[in-house]
Amino acid sequence: MLNASLRQLSSLLSEKKISSTELTGEFLTRIKALNPDLNAFITVNEEKSLEQARVADEMIASGQSTPLTGIPIAQKDIFCANGWLTTCGSKILSNFISPYDAAVVKQFDQAGMVNLGKTNMDEFAMGSSNETSYYGPVKNPWDRLAVPGGSSGGSACAVAARLAPAATGTDTGGSIRQPAALCGISGIKPTYGLVSRYGMIAFASSLDQAGPMAKSAEDLALLLNVMVGFDERDSTSLQRKKEDYTQSLERSVSGLRIGLPKEFFAEGMSSDVSSAVEAALTEYRKLGATFVEVSLPNSKLAVPVYYVLAPAEASSNLSRFDGVRYGYRATQYTNLEDLYAKTRAEGFGEEVKRRILIGTYVLSHGYYDAYYLQAQKLRRLIAEDFTKAFEQCDLIMGPTSPTVAFNIGEKCDDPIQMYLSDIYTSAASLAGLPGMSIPVGFGNNRRPAGLHIIGNYFREAQMLNVAHCYQQVTNWHELTPLEINR
Amino acid sequence: MTLSLSDIKRVAKLARIEISEADAQQNLIQLSGIFNLIEQMQAVETQKIKPMSYSQDMVQRLREDIVTETDQHIQFQSIAPQIEDSYYLVPRVIE
């Protein structure tokens, strides 16, 4: 059951071989047993989950079910869920019971999926290791000394440890793909604008995008079918014809032109990750794909550009946390100015404050042109590199992250080393392109490695197809950490 | 570019974040390192390049100026730190 695909779970539920209440109960029991050590969830509410499971069972009994009805899903704690504590990994929202549902939460509710709980994350999604969470670090289920990646580290851990069959994530510079790679699961960040961000707590609005995290590409396709859709409440939401992402999963990849950016295969990638990625490319060659070298000359600037634009937008977005309307408020203050300054000093963690300071600085008088505007210009050059590359290839592949998971505490005091963990993912984010990571084996210390697949705009179906074909001839996505099976 | 301690304190004030002397020092070291990384951007000539705010140069949609939300102030204020008669309470601003 724990290793079953969403399609298998769907059949078991519709054939009434298991009820949603039983299935949900089984995952809740696992969470109870394993979460105290893994720390993948910030909030679990058995009563609420089981109530949703009962509703799902009624939907199934009355023939009103969708393909995902009754299947539990873990929600990243960045998504507001009505009546649920929604912390975004921060102390400043440590008492925030959301009065409304995010669009993504509502979509899964309406599909009859069961909210299994809220997963741990880097504070306000700012981090690549889950160590900036106010609620403590998450452990990587493959090696509990290692980080799970971030910022969607709790979601990645929950899926890898089989505490949930699927989870939601968000990705601003790599926050779905990097933890998916480090935890050996599959995750996709769709094209910017495809999934509504209503009720998703904002970090960097020109980059933020939600996506699913699960065991396989097929599972991701089923979840994307629910998540993608126009929402007038999100001003960046795109109006497009509804697609069925499962339809082309089985298509042959023979003749597929895979672009390999020479910059992604240069120095920086560790040899264990390189071997895993090369082996995956060999599989694709066997499947009939061809390779073409492409160049993304400006991608080396993606991390500096990202660390101007994302903090700038964050400094604006996070100004709403003022201790007046909701959330944490400092207990001692002398006047209004002091209330703001103390609430924010006490409520935000170090990394969040650091980024607000960077963002405030680059937007301040006299520095705007040199930093913010320059970064926006380079963003165009980075995006244009991809446009040129896609003239020569159908999609792009490379490593998701330069190394396998590092140890908890290893990069805490060195923000720059931490930022470079997203060196391959942030370029696609800046361009707004869809990106995904699938597991392709193991590196040092038997820690997972991920293959990064970048598609052209709106080519999610093709990316899922290409990932699915690989998963039909390999079984990395079916492996689980040994200790977890006990 | 060289950051100074007074830059850090000025920016913290602008961002409405109280900062101790020790934290300002610590931030000076870390932000200086981060700005060294950011400075790599200056090597590229971009005079003729148009800034890009959103991918695909997306333009944000506008909507009709009509009421879409109902009054839910009781529910929304139930999670406020301090309210009175449906007002949010803050320290006195005008004497």
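Predicted model, so just to flag it, every value in this text is computed and none were measured.

**Student:** In this structure, what is going on with the overall build of chain A? I would like to understand it.
**Tutor:** Secondary structure assignment for chain A yields 16 helices and 11 strands. Taken over C-alpha atoms, the radius of gyration comes to 21 Å for chain A, in line with the 23 Å a tight globule of 486 residues would show. Seen through its principal axes, chain A has C-alpha atoms that stretch 65 × 55 × 45 Å. Relative to its 486 residues, chain A shows a buried fraction of 67%. Look at the contacts in chain A between residues 6 or more apart in sequence, and 76% of them connect residues 24 or more apart. The positive charge centre, built from 45 side chains, and the negative charge centre, built from 51, are 1 Å apart in chain A.

**Student:** Explain a nonpolar patch on the surface to me, please; I cannot follow it from the model alone.
**Tutor:** Residue and element names in this part refer to chain B. On the surface, a nonpolar cluster with roughly 240 Å² of combined accessible area is contributed by Phe 76, Ile 83 and Tyr 88. Relative to the helices and strands, Phe 76 resides in helix α3 (residues 73–77). Residue class for Phe 76 comes out partly exposed when judged on its relative accessible area of 32%.

**Student:** For this particular structure, what's the right way to read the packing of aromatic side chains?
**Tutor:** Working definition: an aromatic ring pair is given by the centre-to-centre distance plus the angle between the planes. Residues and elements named next belong to chain A. Taken as a whole and assessed by the stated rule, the structure comprises 20 aromatic pairs over all chains. When the ring of Phe 124 is compared with that of Phe 321, the centres are 4.9 Å apart and the planes differ by 50°; the resulting orientation is tilted. Here Phe 124, found in the loop between β3 (114–119) and α5 (153–160), pairs with Phe 321, found in the loop between α9 (302–317) and α10 (336–347); they are 197 residues apart in sequence, far enough to count as distant. The burial state of Phe 124 is the same as that of Phe 321; both residues are buried. Between Tyr 284 and Tyr 470 the ring centres are 5.6 Å apart and the planes differ by 20°, which places this aromatic pair in the stacked class. Of this pair, Tyr 284 sits in helix α8 (residues 271–286) while Tyr 470 sits in helix α15 (residues 460–473); the two residues are 186 residues apart in sequence, bridging distant segments of the chain. Taken as a pair, Tyr 284 and Tyr 470 share a single burial class, namely buried.

**Student:** Could you clarify how one ought to interpret the interface of chain B and chain A in this entry?
**Tutor:** Many authors give the size of an interface as the accessible area that is lost as the parts come together. In this assembly, 52 residues from chain B lie in contact with 72 residues from chain A. Around 5500 Å² of area is buried between chain B and chain A when both sides are counted, 64% of it from carbon and sulfur atoms. A per-residue breakdown of the area chain B buries against chain A is headed by Met 41, Met 52 and Arg 61 of chain B, which together make up 14% of the total. For Arg 16 of chain B, the salt bridge is made with Glu 337 of chain A, and the minimal N-O distance between the two is 3.3 Å. On inspection of chain B and its partner chain A, the count reaches 23 residue pairs in polar contact (both at pLDDT 80 or more). Residue assignment for the side of chain B that touches chain A shows that the elements contributing at least two residues are α1 (5–14), α2 (21–38) and α3 of chain B. When residues of the side of chain B that touches chain A are assigned to their parent elements, the largest contribution, eight residues, is made by α2 of chain B. Considering only residue class, the side of chain B that touches chain A consists of 30 nonpolar, 13 polar and nine charged.

**Student:** What's the story with the side chain of Thr 400 of chain A in this structure? I'm lost.
**Tutor:** Residues and elements named next belong to chain A. Position of Thr 400 among the secondary structure elements: in the loop between β9 (395–399) and α13 (415–419). In this structure Thr 400 comes out as buried when scored by relative accessible area, which is 0%. From its side chain, Thr 400 meets the backbone oxygen of Leu 451 in a polar contact 3.4 Å long. A distance of 3.2 Å separates a polar side-chain atom of Thr 400 from the backbone nitrogen of His 452. With near-sequence residues (within four places) excluded, Thr 400 lies in contact with Arg 177, Gln 178, Ala 181, Tyr 424, Thr 425, Ser 437, Gly 450, Leu 451 and His 452.

**Student:** Hey, could you run me through the UniProt feature "domain: Amidase" (unreviewed entry) in chain A in this one?
**Tutor:** Mapped onto the present numbering, the UniProt feature "domain: Amidase" (unreviewed entry) falls at residues 22–464 of chain A. Span residues 22–464 of chain A is 37% helix and 14% strand, its end C-alpha atoms 30 Å apart.

**Student:** Looking at this structure, how should I read the pattern of salt bridges?
**Tutor:** Residues and elements named next belong to chain A. This structure, assessed with the given rule, holds 25 salt bridges over all chains. Put simply, Asp 77 and Lys 118 hold a salt bridge, and the shortest N to O gap is 2.9 Å. With Asp 77 in the loop between β2 (72–76) and α4 (103–110) and Lys 118 in strand β3, this residue pair connects regions lying 41 residues apart in the sequence. Because the salt bridges share partners, they merge into one network encompassing Asp 37, Lys 139 and Arg 144.

**Student:** Explain the nonpolar core to me, please; I cannot follow it from the model alone.
**Tutor:** As a rule of thumb, soluble globular proteins bury nonpolar side chains together. All names here are of chain A. Grouped together as the largest cluster of nonpolar side chains are 181 residues, with contacts concentrated most on Phe 124, Tyr 284, Phe 386, Met 397, Met 436, Ile 453 and Leu 464. Among the elements that make up this core, the one with the highest residue count is α9 (10 residues). Dropping the residues within four chain positions of it, Phe 124 is found in contact with Cys 88, Ser 90, Ile 92, Leu 93, Ile 201, Phe 203, Leu 318, Phe 321, Phe 348 and Val 352.

**Student:** Is there a simple way to think about unusual backbone geometry in this case?
**Tutor:** Backbone phi values are negative for most residues with the exception of glycine, while trans is the configuration of most peptide bonds. Residue and element names in this part refer to chain A. With omega at 10°, the peptide bond leading from Gly 150 into Ser 151 counts as cis. With phi around 65°, Ala 125 is a residue other than glycine that occupies positive phi space. Residue Asn 445 is not a glycine yet carries a positive backbone phi of 55°.

**Student:** Explain helix α12 (residues 369–389) of chain A here, please?
**Tutor:** For α12 of chain A, which comprises 21 residues, the first-to-last C-alpha distance of 29 Å matches the rise-based estimate of 30 Å (1.5 Å per residue) to within 8%. Counting buried positions over the 21 residues of α12 of chain A gives 15, a clear majority of the element.

**Student:** Looking at this model, I keep getting lost on the UniProt feature "active site" (unreviewed entry) in chain A. Mind explaining?
**Tutor:** Residues and elements named next belong to chain A. Feature annotation in UniProt assigns "active site" (unreviewed entry) to the following positions: Lys 76, Ser 151 and Ser 175. What stands out for the annotated residues spanning 100 residues is how close their C-alpha atoms remain, the widest pair being 11.2 Å apart. Relative to the elements of secondary structure, Ser 151 occurs in the loop between β3 and α5. If sequence neighbours within four positions are ignored, Ser 151 has contacts with Lys 76, Asn 120, Met 121, Asp 122, Ala 125, Met 126, Gly 127, Asn 130, Thr 170 and Ser 175.

**Student:** Could you clarify how one ought to interpret the layout of surface pockets in this entry?
**Tutor:** Empty pockets left among the atoms are what a rolling probe the size of a water molecule brings to light. By volume, the largest pocket amounts to about 900 Å³. Along the walls of the largest pocket sit 29 residues, with Tyr 100, Tyr 198, Gly 199, Met 200 and Arg 320 of chain A positioned nearest its centre. If you go around the second largest pocket, you meet 26 residues; those closest to its centre are Thr 132, Glu 350, Glu 351, Arg 354 and Cys 412 of chain A. Where the lining of the second largest pocket is concerned, the elements lending two or more residues are α11 (350–363) and α13 of chain A together with α2 of chain B. Sorting elements by how many residues they give to the lining of the second largest pocket places α11 of chain A first, with five residues.

What counts, and at which threshold
- Residues numbered from 1 in each chain as written.
- Chains lettered and ligands numbered in written order.
- Predicted model: local features only at pLDDT ≥ 70, side-chain atom pairs only at ≥ 80, totals over all residues.
- Heavy atoms only, no water.
- Helix = DSSP H or I, 4+ residues; strand = E, 2+ residues; numbered from the N terminus.
- Rg over C-alpha atoms; globule rule 2.2 N^0.38 Å.
- Buried < 20%, exposed > 50% of the residue type's maximum accessible area, 1.4 Å probe, protein only.
- Contact = heavy atoms within 4.5 Å.
- Lys, Arg positive; Asp, Glu negative; His and termini not counted.
- Charge placed at Lys NZ, Arg CZ, Asp CG, Glu CD.
- Patch = residues over 30% accessible without salt bridge, like charges linked within 9 Å, V, L, I, M, F, W, Y side chains within 5 Å.
- Areas by Shrake-Rupley, 256 points an atom, 1.4 Å probe, with all protein chains shown as cover.
- Salt bridge = Lys/Arg side-chain N within 4 Å of Asp/Glu carboxyl O.
- Phe/Tyr/Trp six-rings, centres within 6.5 Å; stacked < 30°, edge-to-face > 60°.
- Buried area = accessible area lost by both parts, 1.4 Å probe.
- Polar contact = N/O pair within 3.5 Å; in protein donor to acceptor, adjacent residues only side chain to side chain.
- Nonpolar A, V, L, I, M, F, W, Y, C, P; charged D, E, K, R; others polar.
- UniProt positions renumbered as here; feature names shortened; annotations may be inferred.
- Core = buried A, V, L, I, M, F, W, Y, C linked by side-chain atoms within 4.5 Å.
- Expected span 1.5 Å × (residues − 1).
- 1 Å grid on protein atoms, 1.4 Å probe; cavity = no way out; pocket = protein on both sides within 12 Å on 5 of 7 lines; lining within 4 Å.
- Points joined across faces, edges and corners; volume = space filled by probe spheres on them.

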